[in-house]
Amino acid sequence: MIDPQIQLESHETFWIVAVHLFGALLGPFVAGFLVIRIGPRSLLMSCVIPAIINWVMIGYSRSVAVIYVARAIAGIVYGTVVSTSPIYLEETLPESIKYLSDLFLILFGAAIGLLVCSTYFTIDTQAQYSSAGWIAFLGLITYIILFNLGINSLPSTIIEEIFSPNLYLFVTGMFAIMNYLMSIGLAKIFQSTLFMVGVHVSFWIFTISAAVCALLVYAFVPETKNLTFEEARQAVADKAKINGPSYACIKVVNPCKVCVEDDNN
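Notes on the structure in this doc start here. (Residues numbered from 1 in each chain as written. Predicted model: local features only at pLDDT ≥ 70, side-chain atom pairs only at ≥ 80, totals over all residues. Heavy atoms only, no water.)

A separate point is the overall build of the protein. Per the secondary structure count, the protein includes 10 helices and 2 strands. Its helices and strands in sequence order give the protein the pattern α-α-α-α-α-α-α-α-α-α-β-β, from N to C terminus. The buried share among the 265 residues of the protein stands at 34%. Surface accessibility of the protein: about 15800 Å² in total, with carbon and sulfur atoms responsible for 70%. (Helix = DSSP H or I, 4+ residues; strand = E, 2+ residues; numbered from the N terminus. Buried < 20%, exposed > 50% of the residue type's maximum accessible area, 1.4 Å probe, protein only. Areas by Shrake-Rupley, 256 points an atom, 1.4 Å probe, with all protein chains shown as cover.)

If you want it as structure tokens, here you go:
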């Protein structure tokens with residue numbers, strides 16, 4: 001917990017969030033370097049030490065600079081864990097519990113949770129309903145739970161299904177980097193929108209985005225449970241109505257070069 005005696009400006013609040021995400025950008029590189037040397041289990045266990053250091057630094061910090069450093073450490077740990085845990089789970093979990101069912105319904109429920117928040121904040125701009133703040137809290141908690149049950153695990157699941165093992169770590173890392181870059185931009189947009197037009201507009205944007213995400217999943221993401229690697233890739237290609245060759249195989253020719261070859265050749 002940040003010392004209440006430390007007074008934060010709005011731009012410092014943004015950087016406390018952003019520094020964590022910048023640190024997370026380094027996580028996939030750390031994971032890629034260490035996971036093949038010490039293994040995913042040992043790497044995940046070793047992340048506990050810097051995670052503890054992060055909270056000790058925050059707990060005893062007396063300046064914003066120390067908080068920045070602690071948040072950067074936490075970001076590196078987070079990025080490493082996010083990039084490594086799917087590999088470890090793939091190696092250890094039985095097939096029967098690797099998959100999420102009813103993903104569309106989970107996404108739809110998440111959108112409903114955000115809708116509750118958006119409606120509350122919109123009404124709250126017209127009249128103060130401080131005693132009913134639990135409604136927004138309930139909607140937000142619903143979204144967070146459903147997000148972690150479905151949306152958060154979706155990318156790693158799809159990557160696992162359609163990319164060969166020799167590319168899995170590489171693609172996971174690239175996705176993580178793209179995700180953190182977008183999160184940095186989103187944090188800044190949220191802060192700007194919050195001050196310019198109010199929190200209700202921000203939440204309506206999130207609500208619409210979640211609803212569109214649910215529709216896209218329904219339209220383009222096939223069910224791949226109990227399918228082989230080849231069948232899963234073909235299902236993805238069929239769902240997307242790809243023309244031409246049934247699907248393409250991406251191969252790593254060397255660590256610095258990636259090419260695409262038609263599987264039919």
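A word on a nonpolar patch on the surface. Residues Phe137, Leu140, Ile141, Ile144, Ile145 and Leu149 make up a contiguous nonpolar surface patch of about 520 Å² in total accessible area. With respect to the secondary-structure elements, Ile141 resides in helix 6 (residues 133-149). The class for Ile141 is partly exposed, based on a relative accessible area of 31%. (Patch = residues over 30% accessible without salt bridge, like charges linked within 9 Å, V, L, I, M, F, W, Y side chains within 5 Å. Salt bridge = Lys/Arg side-chain N within 4 Å of Asp/Glu carboxyl O.)

This model, assessed by the stated rule, comprises 8 aromatic pairs. Both rings, one in Phe14 and one in Trp15, keep their centres 5.2 Å apart while their planes meet at 65°; by these two values the pair is edge-to-face. Residue class for Phe14 comes out buried when judged on its relative accessible area of 10%. Owing to a relative accessible area of 37%, Trp15 belongs among the partly exposed residues under this scheme. Each member of the aromatic cluster is reached from another via a ring pair, and the members are Tyr120, Phe121, Phe190, Phe203 and Phe206. In this arrangement the basic side chain of Arg37 is found over the ring face of Phe33, its NZ or CZ atom lying 3.9 Å from the centre. Lys188 extends its terminal NZ or CZ atom over the ring of Phe14, reaching a point 4.8 Å from the ring centre. (Phe/Tyr/Trp six-rings, centres within 6.5 Å; stacked < 30°, edge-to-face > 60°. Lys NZ or Arg CZ within 6 Å of the ring centre and 35° of its normal.)

Two elements in contact, helix 5 (residues 103-126) and helix 9 (residues 199-220), have axes separated by 8 Å at closest approach and are oriented at 165°. When the axes of helix 5 and helix 9 are compared, the pair comes out roughly antiparallel. Read as a crossing pair, helix 5 and helix 9 show a hand that is left-handed. Per-class residue counts for the contact of helix 5 with helix 9 are 19 nonpolar, 6 polar and no charged. (Axes fitted to C-alpha atoms, helices over the stretch in contact; angles between N-to-C directions. Parallel < 35°, antiparallel > 145°, perpendicular 65-115°, else oblique. Left-handed = near helix turned anticlockwise from the far one by under 90°. Nonpolar A, V, L, I, M, F, W, Y, C, P; charged D, E, K, R; others polar.)

Time to look at helix 1 (residues 10-38). For helix 1, built from 29 residues, the straight-helix expectation of 42 Å at 1.5 Å per residue is met to within 8% by its first-to-last C-alpha distance of 41 Å. The axis of helix 1 is deflected most strongly, by about 25°, at Ala31. (Expected span 1.5 Å × (residues − 1). Bend = angle between axes of the 7 residues up to and from the residue.)

Time to look at the side chain of Ser202. Along the polypeptide, Ser202 turns up in helix 9. Its relative accessible area of 3% is what places Ser202 among the buried residues. Excluding residues that lie within four positions of it along the chain, Ser202 makes contacts with Phe190, Thr193 and Leu194. (Contact = heavy atoms within 4.5 Å.)

Before going further, it helps to examine the environment of Ala176. Counting through the fold element by element, Ala176 comes out in helix 8 (residues 165-196). Distance from Ala176 to Pro28, taken between C-alpha atoms, is 6.9 Å for residues 148 residues apart in sequence. The contacts of Ala176, once residues within four sequence positions are left out, are Pro28 and Ser83.

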